[in-house]
There are 2 protein chains.
Amino acid sequence: MRKHSEITIHNLAKELKISASTVSRALKDNVRISEKTRKIVQQKAIEMGYRPNILAANLRSKRTMTLGVVVPRIDRYFFASVISGIEDYAWTEGFNVIISQSNDLLIKEANCVTNLYNNRVDGLIISISMQTDEDKHLRLFSENHIPLLFFDRYCSTIESDRILVDDFDAGYKITRHLIDRGCKRIAYIAGPGMLNIYKNRKAGFLKALEESGVPVVEKYLEETGLTKEEGRKAFSRLMTLSDPPDGVFCGNDTTALSALEYCQEHRVRVPEDVALVGFSDEPYSAVVTPSLSTVKQPGYEIGYLAAQKIIHRIQNINSDEPFEQIELPTQLIIRNSSK
Amino acid sequence: MRKHSEITIHNLAKELKISASTVSRALKDNVRISEKTRKIVQQKAIEMGYRPNILAANLRSKRTMTLGVVVPRIDRYFFASVISGIEDYAWTEGFNVIISQSNDLLIKEANCVTNLYNNRVDGLIISISMQTDEDKHLRLFSENHIPLLFFDRYCSTIESDRILVDDFDAGYKITRHLIDRGCKRIAYIAGPGMLNIYKNRKAGFLKALEESGVPVVEKYLEETGLTKEEGRKAFSRLMTLSDPPDGVFCGNDTTALSALEYCQEHRVRVPEDVALVGFSDEPYSAVVTPSLSTVKQPGYEIGYLAAQKIIHRIQNINSDEPFEQIELPTQLIIRNSSK
DNA sequence: ATTTTATGCGCAATCGATTGCAAAAATAAA
DNA sequence: TTTATTTTTGCAATCGATTGCGCATAAAAT
């Protein structure tokens, strides 16, 4: 609560012996107010330390100039960089950004989304949780025609803008690379097949195998939550097979790193005995030994573009531009773990 | 803009042929409303899909249930984890969190702070930019008695709560460690001396040297912006001295990493020729080769505590509890770069 | 001098929820 | 049945900025 009583346009008006409407207009450089009055009002506003009450303006105008963002976790580099991109663009347009994290839990996600809805954010940018298999909470936005944009992980039952990376292509490129370097027994540690990104990566993976006539071996396919622990377990299962893989496509860098650690402990040579490729290009991936091959996703650009797109929608709310699905290219970075 | 016309308490009231006040009270379980009416109203509210307009409530109550957060960069792990902690606690108390980044620029910081002020956030949590050498923008909060809390980097000219890590102790511990392992020529790549955290680390550094009778050599003291490039340059200067240091305390892990890279390229052995210690425990520090000694700062805990503290202040705005400066302990993690 | 056209400004309603005060209704007491 | 008491509800103002409409006054045209 402000101790100093707020200075409002009414205070200014009284002080200047004019009406509040005139003050309001003068402050917004409305053409219907004379140059002279405008100057006087603006001068007085500065003098008295006037600060517009955005709440009141928002109530009246039914806009909040605020974007809601929901990500699984803020402290994962990919998401942090997406947010950074969102925030940077939003700022240039005068939008604020409210952040929430779902912790990859459906229920928390639903709560966050509902909360943001109730807070009247002008748009929602979201990457859904690993658990999300229903869309009721998201319909709150789509059905009320409040701009909604998915990035990376999306919900296919909801029509909306999406900014994705080309996961199919990425999966394909990775697998192709492993094949090209001579791997014969290629394994894949996947994330939850429920999420499109993992479905697509797997499809790319399978396509590459098929194309090269490499057989798909069921026991080389693991599905996990892509945590460090689960990754470790899955990789350990693979390596204790009688014919362990000589190339592993890990669903993210976290699992790839845990695989690397496993190899160091068990004196498995990387990439000689087994080649490893991760996904995301975490900050550590370039600097571990051996450095980790991976796929770089342009997080900052995704965020920047997402903010641009959604703010454009907000500002042209009544145009009926069709929804757009943008797929940004990924970059396969070949490092020592698969050289 | 919502397409469906909003459902307000007035709509509900009309529908139920009672007054809006009664509806308002019924929805908030006010004791002055009979059990019967309350049930009816709440039932109808659900039925009609009523969603309270938080803007209106905020305008009236002069609270926004929102915390503002300003950090130099969101995509730095330390800050991301602090934000994660803030968001987690804030959420349990029903607070939203608006994030802005200053990009370590004073002018952007001032803009962000002013914007958050105008948006009537109930409190501000900030870690100031490297450039910040004035406090006018921050006085907006402190002088209007809106809770303000610094973490990590603070502004000493402003009275307020602070959550810090014990930088003096950390600097001392690091230096002590280098001395104990036998380093004779110890260098320090510092951050801007304007910021207290760097001042304090340096004080700890000097204290340790003095205590052990190790002479302070001016040419071993570098001051930089702690970026990768500047760190590289500073380290290179140090290593091309006729008597290069055999132990370097780097202001953060970024510079430590660039030092490591320099060493690899110039065949300088770490830690045999020069021992390195960083600061922050970035995610990569544990996994580079050699793994990087560093100081772990409890980011998540700092954020969580900061949110607790500031929300407590917000909820007890009129109590006159004195400002508190909390210093959390750091943990020296000795890894291979200085073993 | 009179009519037309601009220009500058104010009135009052609006956005939706909250709340002090008073009135009405229901219940208890006399 | 009447009065006192308690419970329940409504009126109307408030939070602060915005805006459609209309009234003045001034300037331009006739």
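Residues numbered from 1 in each chain as written. Chains lettered and ligands numbered in written order. Predicted model: local features only at pLDDT ≥ 70, side-chain atom pairs only at ≥ 80, totals over all residues.

The subject of this paragraph is the overall build of chain A. A count of helical and extended segments in chain A gives twelve helices and twelve strands. Computed over its C-alpha atoms, the radius of gyration of chain A comes to 26 Å, more than 25% above the 20 Å expected for a compact globule of 339 residues. Each principal axis of the C-alpha atoms in chain A carries an extent, and together these give about 90 × 40 × 30 Å. For chain A, the proportion of its 339 residues judged to be buried stands at 49%. In chain A, of all internal contacts separated by at least 6 residues, the share reaching a separation of at least 24 is 70%. (Helix = DSSP H or I, 4+ residues; strand = E, 2+ residues; numbered from the N terminus. Rg over C-alpha atoms; globule rule 2.2 N^0.38 Å. Buried ≥ 20, exposed ≤ 12 C-beta atoms within 10 Å, placed from the backbone. Contact = placed C-beta atoms within 7 Å.)

So, on to the protein's contact with DNA strand C. For DNA strand C, the set of nearby residues contains 25 residues, the closest of which are Ser21(A), Thr22(A), Thr8(B), Ser21(B) and Ala56(B). Residues of the surface near DNA strand C, tallied by class, amount to nine nonpolar, ten polar and six charged. (Near = placed C-beta within 6 Å. Nonpolar A, V, L, I, M, F, W, Y, C, P; charged D, E, K, R; others polar.)

Turning our eyes to something else, we now look at helix α9 (residues 196–212) of chain B. Residue and element names in this part refer to chain B. Between the first and last C-alpha of α9 there are 24 Å, a value that for 17 residues agrees with the 24 Å anticipated at 1.5 Å per step. Among the residues of α9, those classed as buried are Asn-196, Ile-197, Tyr-198, Asn-200, Arg-201, Lys-202, Gly-204, Phe-205, Ala-208 and Leu-209. In this structure, the buried residues of α9 make contact with α8 (167–180), β6 (186–190) and β8 (247–250). Positive phi appears at Gly-213, one or two residues downstream of α9, with a value of about 70°. (Expected span 1.5 Å × (residues − 1).)

With that settled, consider the protein's contact with DNA strand D. Neighbouring DNA strand D are 26 residues; Thr8(A), Ser21(A), Ala56(A), Ser21(B) and Thr22(B) lie closest to it. Elements represented by at least two residues in the surface near DNA strand D include exactly α1 (9–16), α2 (20–27) and α4 (54–61) of chain A together with α2 (20–27) and α4 (54–61) of chain B. Take the surface near DNA strand D: its biggest share by element is five residues, from α4(A). Within the surface near DNA strand D, the residues separate by chemical class into nine nonpolar, eleven polar and six charged.

As a further point, take the sheet that holds β8(B). Residue and element names in this part refer to chain B. Sheet architecture is open: four strands sit in the order β7-β6-β8-β9, paired in parallel fashion. Looking along the sheet, the strands with just one partner apiece sit at the ends: β7 (221–223) and β9 (275–277). Across this sheet, the average inter-strand angle for adjacent strands is 15°, counted without regard to direction. Relative to β8, β6 runs parallel, the two sharing four bridges. Bridging from a neighbouring strand, Ile-186 pairs with Gly-247 of β8. Packing against the sheet, α8 makes contact with β6, β8 and β9, and its axis sits at approximately 165° to β8. Sheet contacts for α9: β6 and β8; angle to β6, the most-contacted strand, approximately 175°. (Pairing = 2+ DSSP bridges. Axes fitted to C-alpha atoms, helices over the stretch in contact; angles between N-to-C directions.)

Right, let's get into the relation of the copies chain A and chain B. Mapping chain A onto chain B calls for a screw motion: a turn of 180° about the axis and a shift of 0.1 Å along it, with 0.1 Å RMSD after fitting. Within this description, the copies of the chain are treated as partners about a two-fold rotation axis. Both copies contact each other with a shared surface, as 100% of the interface residues of chain A are interface residues in chain B too. (Least-squares fit on C-alpha atoms with pLDDT ≥ 70 in both.)

The next subject is the domain arrangement of chain A. All names here are of chain A. Under the domain assignment, chain A is made up of domain 1 (9–52), domain 2 (63–164 + 299–328) and domain 3 (167–296 + 333–338). Every contact between the two is made by eight residues of domain 2 and, on the other side, nine residues of domain 3. Grouping the constituent residues of the side of domain 2 that touches domain 3 by class yields four nonpolar, one polar and three charged. (Domains from an automatic or database assignment.)

For the rest of this paragraph, the subject is the packing of helix α5 (residues 77–92) of chain A against helix α12 (residues 299–315) of chain A. Residue and element names in this part refer to chain A. Contact geometry of α5 with α12 gives a least axis separation of 6 Å together with a crossing angle of 40°. Overall, the two elements α5 and α12 adopt an arrangement that is oblique. The hand of the α5/α12 crossing is right-handed. Note on element contacts: α12 touches α5 through Gly-299, Tyr-300, Glu-301, Ile-302, Gly-303, Tyr-304, Ala-306, Ala-307, Gln-308 and Ile-311, opposite Phe-78, Ser-81, Val-82, Ile-83, Ser-84, Gly-85, Ile-86, Asp-88, Tyr-89 and Ala-90. Each residue belonging to the contact of α5 with α12 can be placed in one class, and the counts come to twelve nonpolar, six polar and two charged. (Parallel < 35°, antiparallel > 145°, perpendicular 65-115°, else oblique. Left-handed = near helix turned anticlockwise from the far one by under 90°.)

In this section: the nonpolar core. Core analysis: the biggest nonpolar cluster contains 177 residues, and Ile86(A), Leu276(A), Ile86(B) and Leu276(B) have the highest contact counts within it. Beyond its immediate sequence surroundings of up to four residues, Leu276(A) is in contact with Val248(A), Cys250(A), Ala256(A), Ala259(A), Leu260(A), Val270(A), Pro271(A), Leu292(A), Ser293(A), Ser337(A) and Ser338(A). (Core = buried A, V, L, I, M, F, W, Y, C linked by C-beta atoms within 7 Å.)

Right, let's talk about the sheet that holds strand β6 (residues 186–190) of chain A for a bit. All names here are of chain A. Pairing is parallel in the open sheet, where four strands are placed in the order β7-β6-β8-β9. At either margin of the open sheet sits one strand with a lone partner, and together these are β7 (221–223) and β9 (275–277). Neighbour-to-neighbour, the strand axes of this sheet turn through a mean angle of 15°, independent of strand direction. With respect to the sheet, helix α8 (residues 167–180) is in contact with β6, β8 (247–250) and β9, its orientation differing from that of β8 by roughly 165°. Helix α9 (residues 196–212) contacts β6 and β8 of the sheet and is inclined by roughly 175° relative to β6.

Let's shift gears to the packing of helix α1 (residues 9–16) of chain B against α2(B). Residues and elements named next belong to chain B. At a minimum axis separation of 8 Å, α1 and α2 run at an interaxial angle of 110°. Relative to α2, α1 is oriented roughly perpendicular. Touching Ile-9, His-10, Leu-12 and Ala-13 of α1 are Ala-20, Val-23 and Ser-24, all from α2. Grouping the amino acids of the contact of α1 with α2 by side-chain chemistry returns five nonpolar, two polar and no charged.

Of the consecutive residues Val270(A) and Pro271(A), the connecting peptide bond is found in the cis state with omega at 10°. Of note, Pro271(A) is situated in the loop between α11 (253–265) and β9. Cis geometry is adopted by the peptide bond preceding Pro290(B), which originates at Thr289(B) and carries an omega value of -5°. You can see Pro290(B) is positioned in the loop between β9 and β10 (294–296). Phi angles above zero are rare outside glycine, and Asp152(A) is one such case at about 60°. Note on placement: Asp152(A) falls in the loop between β4 (148–151) and β5 (161–165). Residue classification places Asp152(A) among the buried residues on the basis of 24 C-beta atoms within 10 Å.

Before going further, it helps to spend a moment on the interface of chain A and chain B. The interface of chain A with chain B comprises 42 residues on the first partner and 42 residues on the second. When residues of the side of chain A that touches chain B are traced back to their parent elements, those giving at least two are α4, α5 and β2 (96–101) of chain A. The residue inventory of the side of chain A that touches chain B, partitioned by class, reads 20 nonpolar, 13 polar and nine charged.

Looking now at the pairing of strand β1 (residues 66–71) of chain B. Residues and elements named next belong to chain B. Judged by how many residues are buried, β1 sits mostly within the fold: six of six residues are covered. Of the two faces of β1, both are covered, the one formed by Thr-66, Gly-68 and Val-70 as well as the one formed by Leu-67, Val-69 and Val-71. Each parallel crossover has a hand, and the one from β1 via helix α5 (residues 77–92) to strand β2 (residues 96–101) is right-handed. Relative to strand β3 (residues 123–126), β1 runs parallel, the two sharing four bridges. Considered in β3, the bridge of Val-70 is made with Ile-126. (Right-handed = clockwise from strand over helix to strand, strands pointing away.)

Residue and element names in this part refer to chain A. With respect to the secondary-structure elements, Ile-314 resides in helix α12. Spatially, the C-alpha atom of Ile-314 lies 50 Å from that of Cys-263, the residues being 51 residues apart in sequence. Those residues in contact with Ile-314 that sit more than four places away from it in its chain are Asp-122, Gly-123 and Pro-147.

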